[in-house]
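Per-entry structural report
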Amino acid sequence: EAKKNFTRSQIRIISDSVTTYKLEKDNYPEELNSLVPDYIDNLEKIKDGWKKDFYYAVPGDNGPFDIISGGPDGSLDTIDDNINSWELGKTDQN
């Protein structure tokens with residue numbers, strides 16, 4: 001559960017950084033590495049709780065961009081353990 005919580009936190013940080021990038025440059029970054037070093041300190045901060053890279057798509061299927069962790073197995077095909085940016089948005093609204 002700690003790795004899932006860490007991953008959710010990373011997605012929030014990356015999402016905020018992507019949004020700030022868009023506000024400043026008037027377009028979304030084509031890849032997450034474009035956020036380093038101006039928006040995120042280093043590449044290690046663009047890893048999920050299992051130290052795997054996030055999947056990033058712009059435009060996304062579920063919003064202007066999608067950020068997805070493949071979960072413990074790292075696979076996007078096993079959707080039951082994926083953690084993504086658009087579902088975080090739903091659960092964070094109180």
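Calculation notes
Residues numbered from 1 in each chain as written. Predicted model: local features only at pLDDT ≥ 70, side-chain atom pairs only at ≥ 80, totals over all residues. Heavy atoms only, no water. Helix = DSSP H or I, 4+ residues; strand = E, 2+ residues; numbered from the N terminus. Rg over C-alpha atoms; globule rule 2.2 N^0.38 Å. Expected span 1.5 Å × (residues − 1). Buried < 20%, exposed > 50% of the residue type's maximum accessible area, 1.4 Å probe, protein only. Pairing = 2+ DSSP bridges.

1. Some remarks on the overall build of the protein
- In terms of regular secondary structure, the protein is built from two helices and three strands.
- Ordered by position from N to C terminus, the α and β elements of the protein give α-β-β-β-α.
- Its C-alpha atoms give the protein a radius of gyration of 13 Å, within 12% of the compact-globule value 12 Å for 94 residues.
- Principal-axis analysis of the C-alpha atoms gives the protein an extent of 35 × 25 × 25 Å.

2. A word on helix α1 (residues 2–25)
- Given a rise of 1.5 Å per residue, 24 residues ought to cover 34 Å, and the 34 Å separating the end C-alpha atoms of α1 matches this to within 8%.
- Immediately beyond the C-terminal end of α1, within one or two residues, lies Asp26, with a positive phi of roughly 65°.

3. Examining the pairing of strand β2 (residues 66–69)
- Neither face of β2 is left uncovered, since the one carrying Asp66 and Ile68 and the one carrying Ile67 and Ser69 both have all their residues buried.
- The pairing of strand β1 (residues 55–57) with β2 spans three bridges and is classified as antiparallel. Note that in β2 the partner of Ala57 across the bridge is Asp66.
- In this structure, β2 lies alongside strand β3 (residues 83–84), joined through two bridges in antiparallel fashion. Residue Ser69 lies in a different strand from β3, and its bridge partner there is Ile83.

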